[in-house]
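Each chain, letter by letter, is given below.
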Amino acid sequence: MDTTESTPVVMSGLTIFNARPNLYWGKDSSFGHPWLAITAVNGSNGAVGVTRIAGYEFNTHGVLGVSKVGDSNAYTVRAFPSWATIPGPQWLSMGRHWHFFFAWLFVINGLAYLLYLLFSGHLKRDLLPTRDEWRHIGASIKEHLLFRHPTGEAAKRYNVLQNIAYLVVIFGLLPLVILGGMAMSPSLDATVTGWVDWLGGRQSARTLHFLAAFGLLLFVLIHVFEVIVSGAWNHLRSMITGYYVVPADKKETAT
Amino acid sequence: MNSPSTGRRRILRGALAAAGTMLLSACDKLSHNESFVNFLKSAQHLSRSAHKAVSARKAMAQEFTEADIAPHFRSNGTLMPRDEHYRDLVRGMFMDYKLKIDGLVETPAAFSLAELRAMPSRTQITRHDCVEGWSAIGKWKGVPLAHLLAQVKPLPSAKYVVFRCADSMDSGSSDSTYYESVDLDDAYHPQTILAYDLNDAALPMSNGAPLRARIERQLGYKHAKYVMRIELVDSFDKIRGGNGGYWEDLGYEWYAGI
């Protein structure tokens, strides 16, 4: 979705995460057993930033656990670094204001897109893979890994891997990030008493919210990467003007 | 070696990093701009209206079983009030404690702990959700606030219930005792109780002895501990920072259902 509102949502979300940099699974927080902890341990030269995932500890000093805030040279204990959070300094109440404001924009924009998708025919025409595309999925994966980008007629359509990625994002990650966020609201939990158990309980919902958000972030990063390697200028121009220069087929140019 | 393309790339990378830094410092500046922050905070009215629209007024918070109770109920905020009058109450085993109820009511009243314990009670195993992100499940027993309000008969002008607490949050000389407030929907909600027991024992000091509010559809900071007085008001304007609570005066949302 639109990066202008998802960026503040994610970055202020990290501020909120930093207030309790542990993730748990279940109805409540089993304080001794978070499955993810971004924390600091005592080292010989002061605090060392570490990240523990399911019992395994990684040294993430300088980025996760302990990092420098802004331009200062002093190391500070904080889960995500100040360059990744809004606001930069650890400030929970302000992070919440940013998060909920942009979350509303994100949800409204998302619903509008979903309605467009369903009623414009875009879903059936462009996003659902055809039977033929499913059959050739192996070849698509191979071409993709070799960075061979489609040419000619094929360049005008989404390829099957793109289709799958988009569908996972639209019908998997986006609903999950929104439902997980709503499940953390004690008021919305009471709307239909107990619905939060569908997600495994409130702390599981917090975990899913976080993982889905990172899934979306990963999708955006890969997407930007793909746009760049497959011809950034052509793509950007087509998004604004609607004209896309179709790369000529190799066999035609070979003659 | 420095080919034109790596040079260009370096400039591009530098420009991107500079743009990122500028955007971030702009966000930090905006966070200190009062009208911008008020604009952001307006989302809480949208959230509250949306929640009220989709939830029944008496929609119940989830209740759990004995098996779900956390072995140790985490405490946060004040764990041991330093205030002299509170220490006196502790020394007297809360025998001298009286919960005052006044403000916009017909008949102000005060109740001892024994009187509160003799009133009708509600027991509920609920999940406490802290604004920091953690949750803990505990079993609470207390007197429904609706029952107390029926004793004092709120005036039609009363719009909010304010909980005044014993614990000073700061060491300075000005009044920094904790306080919180809820609207009448939450005040009359069946799960809104003034709890005197936690997990079948008298409420420990770190969890708000002798009496704490349970506002089950909102975050932990609404659940005022060490409640000394309940005041009915029509606005928060004349109360401290005017935002309806200790944390609210420091920038947190008054509506903590999210």
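The sections below set out a description of the structure shown in this document. Nothing here was measured: the structure is a model prediction, and the numbers come from that model. (Residues numbered from 1 in each chain as written. Chains lettered and ligands numbered in written order. Predicted model: local features only at pLDDT ≥ 70, side-chain atom pairs only at ≥ 80, totals over all residues.)

### Describing the overall build of chain A
Looking only at helices and strands, one finds 10 helices and 6 strands in chain A. Its C-alpha atoms give chain A principal-axis dimensions of roughly 70 × 50 × 35 Å. Within the span of chain A, comprising 255 residues, buried residues form 30% of the whole. (Helix = DSSP H or I, 4+ residues; strand = E, 2+ residues; numbered from the N terminus. Buried ≥ 20, exposed ≤ 12 C-beta atoms within 10 Å, placed from the backbone.)

### Thoughts on the sheet that holds strand 10 (residues 227-233) of chain B
All names here are of chain B. The 5 strands are arranged 2-1-10-5-6 in an open sheet whose pairing can be described as mixed. In this open sheet, the two strands that pair with only one neighbour each are strand 2 (109-112) and strand 6 (177-183). Pairwise comparison of adjacent strand axes, ignoring direction, gives a mean angle of 20° for this sheet. With 4 bridges connecting them, strand 1 (residues 98-103) and strand 10 associate as parallel partners. Paired with I101 across the strands is I230, a residue of strand 10. (Pairing = 2+ DSSP bridges. Axes fitted to C-alpha atoms, helices over the stretch in contact; angles between N-to-C directions.)

### A few points about the environment of F100 of chain A
Topologically, F100 of chain A is positioned in helix 2 (residues 92-120). Given 22 C-beta atoms within a 10 Å radius, F100 of chain A is considered buried. The residues touching F100 of chain A, leaving out its near neighbours within four places in the chain, are A43, Q44, S47 and I258 of chain B. (Contact = placed C-beta atoms within 7 Å.)

### Some words on the environment of P247 of chain A
Residue and element names in this part refer to chain A. Here P247 lies in the loop between helix 9 (232-241) and helix 10 (250-254). Sequence separation of P247 and T151 is 96 residues, and the distance between their C-alpha atoms is 5.1 Å. If we ignore the near neighbours within four places in the chain, the residues touching P247 are T151 and A155.

### As for the nonpolar core
Within the largest apolar cluster, 48 residues are counted, with the highest numbers of intra-cluster contacts made by L99, F163, C165, L194, A195, A224 and V227 of chain B. L14, W98, L174 and M182 of chain A belong to the second largest nonpolar core, which has 35 residues in total. (Core = buried A, V, L, I, M, F, W, Y, C linked by C-beta atoms within 7 Å.)

### Considerations on the interface of chain A and chain B
Taken together, the 33 residues of chain A in the interface contact 39 residues of chain B. Looking at the side of chain A that touches chain B, the elements with two or more residues in it are helix 2, helix 7 (186-189) and helix 8 (202-229) of chain A. In terms of residues, the side of chain A that touches chain B owes the most to one element, helix 2 of chain A, which gives 9 residues. Residue composition of the side of chain A that touches chain B, grouped by class: 16 nonpolar, 10 polar and 7 charged. (Nonpolar A, V, L, I, M, F, W, Y, C, P; charged D, E, K, R; others polar.)

### Topic: helix 3 (residues 43-54) of chain B
Between its first and last C-alpha, helix 3 of chain B extends 16 Å over 12 residues, near the 16 Å set by a 1.5 Å rise per residue. For helix 3 of chain B, the complete set of buried residues consists of A43, Q44, S47 and H51 of chain B. Buried residues of helix 3 of chain B, seen end-on, are gathered within an arc of 100° and therefore sit on one face of the element. Every exposed residue of helix 3 of chain B that faces more than 90 degrees away from the buried side is listed here: H45, S49 and A53 of chain B. Elements that come into contact with the buried residues of helix 3 of chain B comprise helix 2 and helix 7 of chain A together with helix 2 (34-41) of chain B. (Expected span 1.5 Å × (residues − 1). Arc of directions from axis to C-beta.)

### Here's the deal with the packing of helix 2 of chain A against helix 2 of chain B
At a closest axis distance of 8 Å, the pairing of helix 2 of chain A and helix 2 of chain B adopts a crossing angle of 55°. Here helix 2 of chain B runs oblique to helix 2 of chain A, going by the angle between their axes. The interaxial crossing formed by helix 2 of chain A with helix 2 of chain B has left-handed handedness. Listed contacts from helix 2 of chain B to H97, W98 and F101 of chain A of helix 2 of chain A are V37, L40 and K41 of chain B. Residues of the contact of helix 2 of chain A with helix 2 of chain B, tallied by class, amount to 4 nonpolar, 1 polar and 1 charged. (Parallel < 35°, antiparallel > 145°, perpendicular 65-115°, else oblique. Left-handed = near helix turned anticlockwise from the far one by under 90°.)

### A word on the environment of V192 of chain A
Mapped onto the fold, V192 of chain A is located in the loop between helix 7 and helix 8. The exposure class of V192 of chain A is partly exposed, given the 13 C-beta atoms found within 10 Å.

### What to know about the sheet that holds strand 3 (residues 46-53) of chain A
All names here are of chain A. Within the open sheet, the 4 strands sit side by side as 1-2-3-4. Their pairing is antiparallel. Each of the sheet's edge strands pairs with one partner strand only, and the pair in question is strand 1 (22-23) and strand 4 (56-59). Pairing of strand 2 (residues 36-43) with strand 3 involves 8 bridges; the strand directions are antiparallel. Bridge pairing in strand 3 places T39 opposite V50.

### Side note on helix 2 of chain A
Residue and element names in this part refer to chain A. The first and last C-alpha atoms of helix 2 sit 41 Å apart over 29 residues, in line with the 42 Å expected at 1.5 Å per residue. Listed as buried for helix 2 are M94, G95, R96, H97, W98, H99, F100, F101, F102, A103 and F106. Phi for G121, located one or two positions after helix 2, is positive at around 85°.

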